[in-house]
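Single-letter residue listing:
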Amino acid sequence: AQSVTQLGSHVSVSEGALVLLRCNYSSSVPPYLFWYVQYPNQGLQLLLKYTSAATLVKGINGFEAEFKKSETSFHLTKPSAHMSDAAEYFCAVKTSYDKVIFGPGTSLSVIP
Amino acid sequence: ETGVTQTPRHLVMGMTNKKSLKCEQHLGHNAMYWYKQSAKKPLELMFVYNFKEQTENNSVPSRFSPECPNSSHLFLHLHTLQPEDSALYLCASSPQTGAGTDTQYFGPGTRLTVL
């Protein structure tokens, strides 16, 4: 069975500071991993996904995530936060024939 | 229109009403999904359709009834709902189910309030 945990339901950063959103997964087989973002009153939008091709994955809006098998982690980072990054972020895990499992989400606030 | 659209965007209904939510995808996908997103709770998968066939019902109460007439359209029929059913209902689509890295594309959701 798969599962996803996101440490910190709410994260606040200053504008221009590093963004780090944590995601740990549990999977009995090699997983596919995703980060989605949800802006207020909108659906989820894919930021990036890990498909085993490269452990460092670059996504849209300057975000990237690194797959670390030894730590079963897939943390999302951005070097410099922008006000427009304020949103809800969801980590998700999937295996080849299973449904996607979403984490509980982390709400990111950016302080001017 | 492109992507995944949902109508209505907002819906207020009484517990005795019958209403339907509509989802349409313009991506040529074959799988469609209904999710429920409640405050303070993880995203809950409700139903999955693949090539118009329902492949998953995640123990959803019968007051929610899905319909998928073709691969581009998905409906969620609602009747005798409860106040705890108030939530954001999200529709998503993907090329097909079970295909490894397939990304799901989400609509903007319908904000449902049950009085």
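Everything below is about the structure printed above this text.
As the structure is a computational prediction, the values presented were derived from the model and not from experiment.

S.K.: Got a minute to help me understand the overall build of chain A in this structure?
M.R.: The helix and strand inventory of chain A stands at zero helices and twelve strands. For chain A, the sequential pattern of α-helices and β-strands runs β-β-β-β-β-β-β-β-β-β-β-β. Expected size for 112 residues packed as a compact globule is a radius of gyration near 13 Å; at 13 Å, chain A falls within 12% of this value. Considering only C-alpha atoms, chain A reaches an extent of 40 × 25 × 20 Å along its principal axes. Long-range contacts, defined as pairs at least 24 residues apart, comprise 57% of the intrachain contacts of chain A with a sequence gap of at least 6. Measuring between centres, the 8 positive side-chain charges of chain A sit 7 Å from its 7 negative side-chain charges.

S.K.: Looking at this model, I keep getting lost on the interface of chain B and chain A. Mind explaining?
M.R.: How big an interface is tends to be stated in terms of the accessible area lost upon association of its parts. Between chain B and chain A, the residue contacts involve 20 residues of the former and 20 residues of the latter. Between chain B and chain A, roughly 1,500 Å² of surface is buried when both sides are summed, and carbon and sulfur atoms account for 55% of that area. The tally of links between chain B and chain A comes to zero salt bridges. Of all the secondary structure elements, the ones that give two or more residues to the side of chain B that touches chain A are β4 (31-37) and β9 (87-94) of chain B. Considering only residue class, the side of chain B that touches chain A consists of nine nonpolar, eight polar and three charged.

S.K.: Looking at this structure, how should I read the environment of S80 of chain A?
M.R.: Residues and elements named next belong to chain A. With respect to the helices, strands and loops of the structure, S80 is situated in the loop between β9 (73-78) and β10 (87-94). Taking the relative accessible area as the measure of exposure, S80 reaches 37% and is therefore partly exposed. The spatial distance from the C-alpha of S80 to the C-alpha of F102 is 26 Å, given a sequence separation of 22 residues. Among all residues touching S80, those that are not within four sequence positions of it are G16, A17 and D85. At a separation of 3.5 Å, a polar atom in the side chain of S80 contacts the main-chain carbonyl oxygen of G16.

S.K.: How should I be thinking about the sheet that holds strand β1 (residues 4-7) of chain B in this particular structure?
M.R.: What links the strands of a sheet is backbone hydrogen bonding, and the strands pair in either a parallel or an antiparallel sense. Residues and elements named next belong to chain B. The sheet built from four strands is open, its strands ordered β1-β3-β8-β7 with antiparallel pairing. Both edges of this open sheet fall to β1 and β7 (64-70), since each of them pairs with a single strand only. Averaged over all pairs of adjacent strands, the angle between their axes in this sheet comes to 20°, without regard to strand direction. Sheet topology note: the β7/strand β8 (residues 73-79) ladder contains five bridges and is antiparallel. Bridge pairing in β8 links S65 to H77.

S.K.: Would you take a moment to explain the state of the cysteines for this structure?
M.R.: Disulfides are covalent bonds that connect the sulfur atoms of two cysteines. All names here are of chain B. Counted by the stated rule, this structure contains two disulfides over all chains. Put simply, C23 and C91 are joined by a disulfide, and their sulfur atoms are 1.9 Å apart. Because the torsion about its S-S bond is -70°, the bridge between C23 and C91 counts as left-handed. In this pair, C23 sits in strand β3 (residues 18-25) while C91 sits in strand β9, placing the two residues 68 residues apart along the sequence. Considered together, C23 and C91 belong to a single accessibility category, that of buried residues.

Each value, and the rule that gives it
Residues numbered from 1 in each chain as written. Chains lettered and ligands numbered in written order. Predicted model: local features only at pLDDT ≥ 70, side-chain atom pairs only at ≥ 80, totals over all residues. Heavy atoms only, no water. Helix = DSSP H or I, 4+ residues; strand = E, 2+ residues; numbered from the N terminus. Rg over C-alpha atoms; globule rule 2.2 N^0.38 Å. Contact = heavy atoms within 4.5 Å. Lys, Arg positive; Asp, Glu negative; His and termini not counted. Charge placed at Lys NZ, Arg CZ, Asp CG, Glu CD. Buried area = accessible area lost by both parts, 1.4 Å probe. Salt bridge = Lys/Arg side-chain N within 4 Å of Asp/Glu carboxyl O. Nonpolar A, V, L, I, M, F, W, Y, C, P; charged D, E, K, R; others polar. Buried < 20%, exposed > 50% of the residue type's maximum accessible area, 1.4 Å probe, protein only. Polar contact = N/O pair within 3.5 Å; in protein donor to acceptor, adjacent residues only side chain to side chain. Pairing = 2+ DSSP bridges. Axes fitted to C-alpha atoms, helices over the stretch in contact; angles between N-to-C directions. Disulfide = S-S within 2.5 Å.

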